[in-house]
Amino acid sequence: MTKEIIEQAVDYPDIIQNIAEQANLSTDIAAKLRACTDEHQIFETAVRWARQGTGCDRAVIYSLQARDHGTIVAESVQAEYPKTLGRTIFDPCFEARYIDQYQKGRVRAIANIQQAGMTPCYIENLEKIGVKASLVVPLLGAANRLHGLLVLHQCGSTYSWSQSEIDLAIHIATHSGHGLEYLAQVQACDQLRAELQKVAAWQQILPKIEKKLLASRSRLEVLQVAVQQTQQLLQCDRVVAYSLQASSQGKIIAEVTQSSLAPLLGRTIYDPCFDYRYIEKYQNGRVRAIDNIYQAGMTPCYVETLSNIGVKSNVVAPILVNGQLIGLLVAHHCFEFRAWRPEEVEKFEQLANQTSLALAAARLQEKQAKLRTTIAAITEIEGNLRSALNHSNQVETIAMEFSTILGEVHTLSRLLNQESAEPSEPDPLEAQRLLQIIARRLQSNVESWQALQAQWPLRQSEIGRLLASTLASIDSL
């Protein structure tokens, strides 16, 4: 008995030293895992130190892709054994038999896979990569969320895992799980920060978009601004404005699209189910976001229509002017399916509402512009008629001047006749003076006649032009 106590006492320094070395190794590993900045780095660090710390032949991280299979996403292996990185391992019994247990922290040390009661297909998978013994430890996060499994393999022979090796594997898996959870929290915080920044940016952008919409001079310009700004805001593949033309059909009247997609501008889209299934809902303000057109319960003909133009996901909002549904604002995602976030749908709805208000304002501006044009045309008509009347008066004056000239010529002609009919001997000097006066008056009258004759067609032509312009103005009203 004394001999046994002495032998145990001799072993204590080695045991204490091993414990201290194990503690130092665990501390070092924990520090290295905490220093990792991404998931891949955590996995690589875990398998490297798991193999070095236990001396096993292979250490892998088994990432759960689905409930019945997973993929090897990290590996450290002895050179003489097969590499398994990237391999998918299928075990239909995994969910039913193991997943709940691993979520509860189950650690399984298998000294001999042939004697562990595993399914034949799973044993076959392990044999293909040379496994004879394995140690499986879950990577758990908060609320027992299972991120994957840390798996150690012995390939040269069966192997009984020591408690210190199991403890080290648990330690590595625990700190790996903590690291993954921390990264998930960081990513969630980064995503939240990015979303908040995007919301803040949207809050600054939306007033600018509203200003651009209201500054548009026509309804078509409003719609073009709307589709352009929506595409930039949502970063989607295509945005169109769909105008309801008649029962069960509409026309694309504004569009912005990726250059690799076929343009739809001017295309008429027919959907016989639209009237009775959707129009009343959109009239009531419905906004619909569809992540996958094949899973949205839409009519086959409508799914086919969207599929033919490359749509995989879309979001649709009504365009209402003075409470009347006149069309739809539609965003398309074509190259992949897209899960529309609630804040994206909200901003899209805001844009559709702003578009509706801008269209109402543009319609009012167009009516005001038409009224101004009508007033201007009436004013022009009034001016033309007044000018024509003035020219007519001038023509009348010319006619009166013609009459005066004719009267004076007639008087002069009578004087000449009287002078030539006198029986007495005329005074030659008196006769000459009279003839000179008559000649000058005749010359003056001829010149006046010629001037009036030149003005007459001009006045008549101007009157014709003014009347023609007046008729054209009346026709344009």
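Rules behind the numbers
- Residues numbered from 1 in each chain as written.
- Predicted model: local features only at pLDDT ≥ 70, side-chain atom pairs only at ≥ 80, totals over all residues.
- Heavy atoms only, no water.
- Helix = DSSP H or I, 4+ residues; strand = E, 2+ residues; numbered from the N terminus.
- Buried < 20%, exposed > 50% of the residue type's maximum accessible area, 1.4 Å probe, protein only.
- Contact = heavy atoms within 4.5 Å.
- Expected span 1.5 Å × (residues − 1).
- Polar contact = N/O pair within 3.5 Å; in protein donor to acceptor, adjacent residues only side chain to side chain.
- Phe/Tyr/Trp six-rings, centres within 6.5 Å; stacked < 30°, edge-to-face > 60°.
- Core = buried A, V, L, I, M, F, W, Y, C linked by side-chain atoms within 4.5 Å.
- Pairing = 2+ DSSP bridges.
- pLDDT = per-residue confidence, 0-100.
- Salt bridge = Lys/Arg side-chain N within 4 Å of Asp/Glu carboxyl O.

## Topic: the overall build of the chain
Each helix and strand counted, the chain has 10 helices and 12 strands in total. The proportion of buried residues among the 477 residues of the chain is 37%. Expressed as a percentage of contacts within the chain between residues at least 6 apart in sequence, the contacts between residues at least 24 apart total 60%.

## Observations concerning helix α2 (residues 39–54)
The end-to-end C-alpha distance of α2, which contains 16 residues, comes to 23 Å, matching closely the 22 Å that a straight helix rising 1.5 Å per residue would cover. Capping of α2 at its N-terminal end is provided by Asp38; its side-chain oxygen lies 3.2 Å from the backbone amide nitrogen of His40. Phi for Gly55, located one or two positions after α2, is positive at around 75°.

## As for unusual backbone geometry
Trans is the common state for peptide bonds, and a negative phi is the common state for residues other than glycine. The phi dihedral of Gln235 falls on the positive side, at around 55°, and the residue is not glycine. For Gln235, the location among the structural elements is in the loop between α6 (219–234) and β7 (238–246). Not every positive phi belongs to a glycine, and Asn322 is a case in point at roughly 55°. Looking at where Asn322 falls in the secondary structure, it is placed in the loop between β11 (313–321) and β12 (324–333).

## Some words on the packing of aromatic side chains
Within this structure, the stated rule accounts for 2 aromatic pairs. Each ring, one from Tyr159 and one from Trp161, has its centre 5.0 Å from the other, and the planes form 80°; the classification is edge-to-face. Judged by its relative accessible area of 27%, Tyr159 is partly exposed. Between Tyr294 and Phe337 the ring centres are 6.4 Å apart and the planes differ by 80°, which places this aromatic pair in the edge-to-face class. You can see Tyr294 sitting in the loop between β10 (288–290) and α8 (300–308) and its partner Phe337 sitting in the loop between β12 and α9 (342–421), a full 43 residues away along the chain. For Tyr294, a relative accessible area of 48% corresponds to the partly exposed category.

## Points about the nonpolar core
Buried together is how nonpolar side chains tend to be arranged in soluble globular proteins. Ranked by internal contacts, the top residues of the largest apolar core, which has 28 residues, are Leu213, Leu329, Ala331, Trp340 and Phe348. Put simply, the parts of the chain that give this core at least two residues each are α5 (163–215), α6, β7, β11, β12 and α9. Ignoring any residue separated from it by four or fewer positions in sequence, one finds Phe348 in contact with Thr230, Leu234, Val315, Val316, Ala317, Leu329, Val330 and Ala331. Core analysis: the next-biggest nonpolar cluster, separate from the first, contains 27 residues, Ile29, Cys36, Ala133 and Leu135 among them.

## What about the pairing of strand β5 (residues 133–140)?
The element β5 is extensively covered by neighbouring structure, given that 8 of its 8 residues are classed as buried. Here β5 shows a buried face lined by Ala133, Leu135, Val137 and Leu139 and a second buried face lined by Ser134, Val136, Pro138 and Leu140. Of the pairings in the sheet, the one linking strand β4 (residues 108–110) to β5 comprises 3 bridges and is antiparallel in character. Bridging across to β5, Ile110 finds its partner in Ser134. Sheet analysis places β5 next to strand β6 (residues 146–154), joined by 8 bridges and oriented antiparallel. By the bridge assignment for β6, Pro138 is matched with Leu149. Between β5 and β6, which pair antiparallel in sequence order, lie 5 residues; one of them, Ala143, sits at a positive phi of approximately 55°.

## Describing the confidence of the model for the chain
Confidence in the prediction for the chain averages 78 pLDDT; 71% of positions are at 70 or higher. When mean pLDDT is taken per element in the chain, β4 scores highest with 93 and helix α1 (residues 2–34) scores lowest with 54. Predicted confidence for residues 1–17 stays below pLDDT 50, and this span has 0 contacts to residues more than four positions away or in other chains.

## Digging into the pairing of β11
Successive side chains on a regular strand alternate, one facing one side of the sheet and the next facing the other. Among the 9 residues that make up β11, 8 are buried, leaving the element largely enclosed by the rest of the structure. By the bridge criterion, 3 bridges tie β10 to β11 in an arrangement that is antiparallel. Each residue of the ladder has a partner; that of Ile290, found in β11, is Asn314. With 9 bridges connecting them, β11 and β12 associate as antiparallel partners. Counted as the bridge partner of Val316 is Val330 from β12. Hairpin connection from β11 to β12: 2 residues lie between these consecutive antiparallel strands, with Asn322 at a positive phi of about 55°.

## Quick look at the pattern of salt bridges
Going through the model one piece at a time under the given rule, you end up with 8 salt bridges. Residue Glu124 pairs with Lys128 through a salt bridge whose shortest N-O separation is 4.0 Å. Note that Glu124 and Lys128 are positioned in helix α4 (residues 120–128) at a spacing of 4 residues, about one turn of the helix. Owing to a relative accessible area of 44%, Glu124 belongs among the partly exposed residues under this scheme.

## Notes on the environment of Tyr62
The residue Tyr62 is located in strand β1 (residues 58–64) in this model. A C-alpha to C-alpha distance of 9.7 Å links Tyr62 and Gly86, two positions 24 residues apart in sequence.

## Quick word on the side chain of His332
Locating His332 in the fold gives a position in strand β12. If we ignore the near neighbours within four places in the chain, the residues touching His332 are Cys236, Asp237, Arg238, Val240, Ile309, Val311, Ser313 and Asn314.

## Looking at the environment of Gln258
One can find Gln258 in the loop between β8 (249–257) and β9 (268–270). For the pair formed by Gln258 and Gln231, sequence separation is 27 residues and the distance between their alpha carbons is 9.7 Å. When residues no more than four places from it in sequence are discounted, the contact partners of Gln258 are Gln231, Cys236, Asp237 and Phe335.

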